[in-house]
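Listed below, chain by chain, are the residues.
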Amino acid sequence: MKELIDIVAAYERAVNENKKTALATVVLVEGSAYRRAGARMLITEDGQLTGAISGGCLEGDALRKARMVIMQQQPMLVTYDTMDDDDAKLGVGLGCNGIIHILIEPIDNKQINPITLLKAAIASNGYSVLVTLFSIEDRKGPQPGSCLYLGRDQTLRNGLDNLPYKNELLENAKNVLDNQCSTITVYQSYTAFVECVKPLISLVIIGAGNDAIPLTRFAAILGWNTTLIDGRPNYATAERFPSVKKILVTKPVKILGDLEINEWTAFVLMTHNYNYEITFLKQLLPLHPSYIRVLGPKKKLERMLDELEENGTVITERNLETIHGPVGLDIGSETPEEIALSIIAEIKAIFSKRNGKSLKHKMTVIHNI
């Protein structure tokens with residue numbers, strides 16, 4: 001999602017500067033590659049790049065082809081075979097042992113275009129779907145490109161109504177939205193990359209101590225939507241936390257009224273104030289967030305939960321599955337920066353449904369598509 005946000009921002013700047021642009025999208029990967037399907041890069045006519053479609057090996061060649069696309073105003077499907085020695089001689093050998101198909105589309109800012117669909121995906125409060133259509137069989141023929149955005153409350157079409165199989169494609173998009181899993185589907189001589197776009201992670205940090213500063217910085221690098229909450233006005237300030245989107249100075253009993261909580265909201269309690277945190281937990285537990293972590297020893301959290309139960313709060317099995325302490329992955333963290341890294345890594349793993357183990361132990365592919 002961070003990449004999409006950066007691309008849209010770069011596009012807006014280009015429009016304001018009267019620069020023409022093109023969007024490169026990885027639509028299909030056969031074998032192994034540095035980036036998977038869904039990776040995108042915006043290219044301006046003067047060579048500015050935002051986003052990435054590889055580890056840096058393809059960008060130069062894609063830039064040259066994007067300038068051609070901008071000039072001709074016609075989409076182009078480009079294929080890089082990293083198993084081919086000829087590609088290595090041309091300077092695009094990735095050593096990934098795969099085939100990468102990249103669709104490059106010109107952007108017309110006077111109508112619904114691929115960036116319009118990206119904006120809708122960013123604005124969505126939940127999962128959404130983007131459909132990109134291309135033809136491997138006829139590379140020189142028409143390449144429909146980004147043709148559909150589908151969200152829970154909105155649908156945007158970009159040339160979809162001209163396709164004879166539009167109903168089947170729309171039904172496929174609805175299934176992907178329900179199943180929350182991207183697919184590659186073939187329709188006649190065209191291939192559709194039906195991409196499930198995940199919502200942006202919202203990180204709520206309870207506590208504005210010095211150890212929260214590196215945590216907010218890591219979250220900002222990832223583009224997460226971060227809220228910081230503390231009862232101390234001299235701690236919770238924009239000067240100390242310039243990368244935080246929202247800062248609340250409030251008592252714990254008033255916190256939830258100022259928050260929008262969904263399945264992609266993560267809570268980290270790190271106030272070092274037992275009474276503040278237990279009061280907040282009492283309100284939070286009935287809402288069953290997907291991720292609640294408490295900084296400090298395990299016994300501290302156990303004491304909190306026991307005390308809440310003794311005072312009438314119901315602690316469900318679902319609560320026990322999502323609330324843990326200490327917070328973070330076991331990477332040997334000592335400093336605030338290292339602890340922040342372990343927390344960020346654990347949040348990413350949980351919301352990606354991964355276990356956080358070393359990839360050398362993984363027996364299957366890293367990416368499904």
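Here the structure is a predicted model, which means the values were calculated and not measured. (Residues numbered from 1 in each chain as written. Predicted model: local features only at pLDDT ≥ 70, side-chain atom pairs only at ≥ 80, totals over all residues. Heavy atoms only, no water.)

## Focus: the packing of aromatic side chains
Summed over all chains, the structure comprises five aromatic pairs. Ring centres of Trp264 and Phe351 lie 5.3 Å apart, and the angle between their planes is 20°; this geometry places the pair in the stacked category. One end of the pair, Trp264, is in the loop between β13 (246-249) and β14 (265-269); the other, Phe351, is in helix α10 (residues 336-351), with 87 residues separating them in the sequence. In this structure Trp264 comes out as buried when scored by relative accessible area, which is 5%. Accessibility expressed as a relative area gives 8% for Phe351, which makes it buried. Taking 6.4 Å as the distance between ring centres and 35° as the angle between the ring planes, the aromatic pair formed by Tyr291 and Phe351 counts as tilted. Pair noted here: Tyr291 is in strand β15 (residues 291-294) and Phe351 is in helix α10, with a separation of 60 residues, a long-range link. An aromatic cluster is built from Tyr127, Trp264, Tyr291 and Phe351, whose rings are joined through pairwise contacts. Here the basic side chain of Arg232 rests over the ring of Tyr235, its NZ or CZ set 4.0 Å away from the ring centre. Above the face of the Tyr291 ring, Arg293 is positioned so that its terminal group lies 4.0 Å from the ring centre. (Phe/Tyr/Trp six-rings, centres within 6.5 Å; stacked < 30°, edge-to-face > 60°. Helix = DSSP H or I, 4+ residues; strand = E, 2+ residues; numbered from the N terminus. Buried < 20%, exposed > 50% of the residue type's maximum accessible area, 1.4 Å probe, protein only. Lys NZ or Arg CZ within 6 Å of the ring centre and 35° of its normal.)

## Considerations on the pattern of salt bridges
Enumeration according to the criterion identifies 13 salt bridges in this entry. Linking Glu17 and Lys19 is a salt bridge whose minimum nitrogen-to-oxygen distance equals 2.9 Å. Asp230 is paired through a salt bridge with Arg232; the nearest N and O atoms lie 2.9 Å apart. Owing to a relative accessible area of 29%, Arg232 belongs among the partly exposed residues under this scheme. (Salt bridge = Lys/Arg side-chain N within 4 Å of Asp/Glu carboxyl O.)

## So, the sheet that holds strand β12 (residues 225-230)
Judged by pairing direction, the sheet is parallel, and its six strands sit side by side in the order β13-β12-β11-β14-β15-β16 without closing on themselves. Of all the strands in the sheet, just β13 and β16 (323-324) have a single pairing partner and so form its edges. Note: strand β11 (residues 202-206) against β12, five bridges, orientation parallel. Bridge assignment links Leu203 to a residue of β12, and that residue is Thr226. The sheet strands contacting α10 are β11, β14 and β15, and the helix crosses β15 at an angle near 155°. (Pairing = 2+ DSSP bridges. Contact = heavy atoms within 4.5 Å. Axes fitted to C-alpha atoms, helices over the stretch in contact; angles between N-to-C directions.)

## Side note on the pairing of β14
The buried count for β14 comes to five of five residues, which makes it a mostly enclosed element. Of the two faces of β14, the one holding Thr265, Phe267 and Leu269 and the one holding Ala266 and Val268 are both buried throughout. Direction of pairing for β11 relative to β14: parallel, over a ladder of five bridges. Bridging across to β14, Ile206 finds its partner in Leu269. Relative to β15, β14 runs parallel, the two sharing four bridges. If you follow Ala266 over to β15, its bridge partner there is Tyr291. Crossover β14 to β15 through helix α7 (residues 274-284) is right-handed. (Right-handed = clockwise from strand over helix to strand, strands pointing away.)

## Here we look at the sheet that holds strand β8 (residues 155-157)
Reading across the sheet, the five strands line up as β8-β7-β6-β10-β9 and stay open at both edges, with antiparallel pairing between neighbours. Only two strands of the sheet have a single partner each, and these edge strands are β8 and β9 (183-187). The mean inter-strand angle of the sheet, taken between neighbouring strand axes irrespective of direction, is 20°. Pairing between strand β6 (residues 128-134) and strand β7 (residues 145-150): five bridges, direction antiparallel.

## Considering unusual backbone geometry
Residue Pro326 follows Gly325 across a cis peptide bond; omega there is 0°. Within the secondary structure, Pro326 sits in the loop between β16 and α10. One non-glycine residue, Gln73, lies in positive phi territory at about 55°. Within the secondary structure layout, Gln73 lies in the loop between α2 (59-72) and β4 (76-81).

## A short note on the UniProt feature "domain: XdhC Rossmann" (unreviewed entry) in the protein
In the numbering adopted here, UniProt assigns the feature "domain: XdhC Rossmann" (unreviewed entry) to residues 203-347. For residues 203-347, the helix share is 37%, the strand share is 17%, and the end-to-end C-alpha distance is 9 Å. (UniProt positions renumbered as here; feature names shortened; annotations may be inferred.)

## Regarding the packing of α7 against helix α8 (residues 298-310)
The N-to-C vectors of α7 and α8 enclose an angle of 55°; their axes lie 10 Å apart at closest approach. Classified by the interaxial angle, the pair formed by α7 and α8 is oblique. In this structure, the crossing between α7 and α8 has a hand that is right-handed. Mapping the contact onto sequence places Tyr274, Glu277, Ile278, Leu281 and Lys282 in α7 and Lys300, Leu301, Arg303, Met304, Glu307 and Leu308 in α8. Within the contact of α7 with α8, the residues separate by chemical class into six nonpolar, no polar and five charged. (Parallel < 35°, antiparallel > 145°, perpendicular 65-115°, else oblique. Left-handed = near helix turned anticlockwise from the far one by under 90°. Nonpolar A, V, L, I, M, F, W, Y, C, P; charged D, E, K, R; others polar.)

## Things to note about the packing of helix α6 (residues 212-222) against α10
Packing of α6 against α10 leaves a shortest axis separation of 8 Å and a crossing angle of 45°. As summarised for this structure, α6 and α10 are arranged oblique, according to the angle between their axes. The element α6 and its partner α10 pack so that their crossing is right-handed. Between α6, through Pro214, Leu215, Phe218, Ala219 and Leu222, and α10, the contact on the second element is made entirely by Pro336, Glu337, Ala340, Leu341, Ile343 and Ile344.

## So, a negative patch on the surface
On the surface, a cluster of negative charge is contributed by Glu302, Asp306, Glu309 and Glu310. Summarising the element assignment, Glu309 is placed in helix α8. Residue Glu309 is classed as partly exposed on the basis of its relative accessible area of 44%. (Patch = residues over 30% accessible without salt bridge, like charges linked within 9 Å, V, L, I, M, F, W, Y side chains within 5 Å. Areas by Shrake-Rupley, 256 points an atom, 1.4 Å probe, with all protein chains shown as cover. Lys, Arg positive; Asp, Glu negative; His and termini not counted. Charge placed at Lys NZ, Arg CZ, Asp CG, Glu CD.)

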